[in-house]
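# Overview (structure and organization)
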Amino acid sequence: MAASSRAKLFSLVRWALAALAVGWAGKQLHAAWNTATLPAFTGSPLAVAAALFVTWAALLGLATVSWAGVLAAKLGSGHPLGWLWLRWFRLWFQSYVYRYIPGKVVLAAERARLGARLGIPPATGVLLVVWESGLLVAGAAVFGVVGILLRPPADEGLVSPGLAMVAAGVALAGCLAFPVVLKLVAARFPALGRKVPGLLLEVPVPAQLGLVFGNAICWLLLGLSFALTARLFAGAESVDLGSLVVWFVASYVLGQVSSVTPAGLGVREAVLVAALSNLAPAPLVLAWSVAARVMQSIAEFTLLGSSLFVTIPDAPPDEAAPPR
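Every value quoted in this text rests on a predicted model; they were computed, and no experiment measured them. (Residues numbered from 1 in each chain as written. Predicted model: local features only at pLDDT ≥ 70, side-chain atom pairs only at ≥ 80, totals over all residues. Heavy atoms only, no water.)

Moving on to the pattern of salt bridges. A complete count under the given rule lists two salt bridges for this structure. One salt bridge connects R111 with E132, and the closest N-O pair in it is separated by 3.1 Å. On the criterion of sequence distance, the pair formed by R111 in helix α4 (residues 105–116) and E132 in helix α5 (residues 122–150) is long-range, its members being 21 residues apart. Comparing R111 with E132, the two get one shared label, buried. (Salt bridge = Lys/Arg side-chain N within 4 Å of Asp/Glu carboxyl O. Helix = DSSP H or I, 4+ residues; strand = E, 2+ residues; numbered from the N terminus. Buried < 20%, exposed > 50% of the residue type's maximum accessible area, 1.4 Å probe, protein only.)

Structure representation (structure tokens):
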């Protein structure tokens, strides 16, 4: 099969998988919306706009922290700083839609494919996905520990503050150790390093801590977007904002790390219902969760649509054809 034919086939497969992921997610959201007992809508147009704006800010923040990680790892050289952010914005959102396919394999493959066009070796692109996932969990764990210590859960037996601190420490240590482990592997197996270019990922510890803090801020925005969306409906005004924010972050993390369901569908809702059971009826919490998913999907797909106007070069700057 000619190279051009293979490229067309792979392109068709990618678009088919994207359509399948989006269609499946839409079907699940539609089913959840129809089965949820929706409370009365009490939000104003301004409140809806505020919830959507915060959701946009959270997703843009995650993409920007990812871009900052690329800079910290000294990748993507040859691109002007602003253009690299725009191109990474396109890469991040175009691959993000594949999270609805379990395992993140397709997401990592798309990141590696587009990253190669920015001068990032495919192996490094895959490692970035693994490392960034750890940074996300570490950021959420740090935020969660602070939130749980400041705002004890209604059911104090649900999560132990001590256990949360241990989990945060493990997640943080794992992120910081990841580049060191890669370096040891490359030194122990030099043939592997030669066979897989880009196996190393060197990021200073202060930079990694900054990325964890950046992710914690993004988690705060995601939790706030859930709280603002919930308060568009009757019944949420009786639940304090801190509980809505903290427990949404906890539910989101458990959904993200779960490989059982795409994008944590079902896991997030179950955790929220359990955590907020003493503060609001289960059907009400489930309705808030479904509404928040719809809000996030709207924000995600509008940002994805905007990102498609940004072009990514077919080859890195140093491989581009010279001018004639």
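Having seen the structure, we can now continue with the description.
Right, let's get into helix α3 (residues 81–96). Taking 1.5 Å per residue as the helical rise, α3 with its 16 residues ought to reach 22 Å, and the 22 Å between its terminal C-alpha atoms agrees with that figure. Of the residues making up α3, those classed as buried are L84, R87, W88, F89, R90, L91, W92, F93, Q94, S95 and Y96. (Expected span 1.5 Å × (residues − 1).)

Once that is clear, we can look at a nonpolar patch on the surface. A surface patch of nonpolar side chains, about 310 Å² in accessible area, is lined by V181, V185, F189 and L192. Counting through the fold element by element, V185 comes out in helix α6 (residues 161–188). (Patch = residues over 30% accessible without salt bridge, like charges linked within 9 Å, V, L, I, M, F, W, Y side chains within 5 Å. Areas by Shrake-Rupley, 256 points an atom, 1.4 Å probe, with all protein chains shown as cover.)

This part covers the confidence of the model for the protein. When the pLDDT values of the protein are averaged, the result is 78; 74% of them are 70 or greater. Mean pLDDT in the protein bottoms out at helix α1 (residues 3–35), which sits at 55, and peaks at helix α2 (residues 45–72), which reaches 95. Low pLDDT, under 50, characterises residues 320–324; the stretch is placed with zero contacts to residues that sit more than four places away or in other chains. (pLDDT = per-residue confidence, 0-100. Contact = heavy atoms within 4.5 Å.)

Two elements in contact, α2 and helix α11 (residues 282–307), have axes whose closest approach is 9 Å; the angle formed by their N-to-C orientations is 60°. By the criterion of interaxial angle, the relationship of α2 to α11 is oblique. Crossing geometry of α2 relative to α11 is assigned as right-handed. Between α2 and α11, the contacting residues are V48, A51, L52, T55, W56, L59 and L60 on the first element and M295, Q296, I298, A299, E300, T302 and L303 on the second. Residues that form the contact of α2 with α11 fall into these classes: 10 nonpolar, three polar and one charged. (Axes fitted to C-alpha atoms, helices over the stretch in contact; angles between N-to-C directions. Parallel < 35°, antiparallel > 145°, perpendicular 65-115°, else oblique. Left-handed = near helix turned anticlockwise from the far one by under 90°. Nonpolar A, V, L, I, M, F, W, Y, C, P; charged D, E, K, R; others polar.)

Right, let's talk about the side chain of E132 for a bit. Look at E132 and you get buried, because its relative accessible area is 10%. Leave out the neighbours within four places in its chain, and E132 touches S66, W88, W92 and R111.

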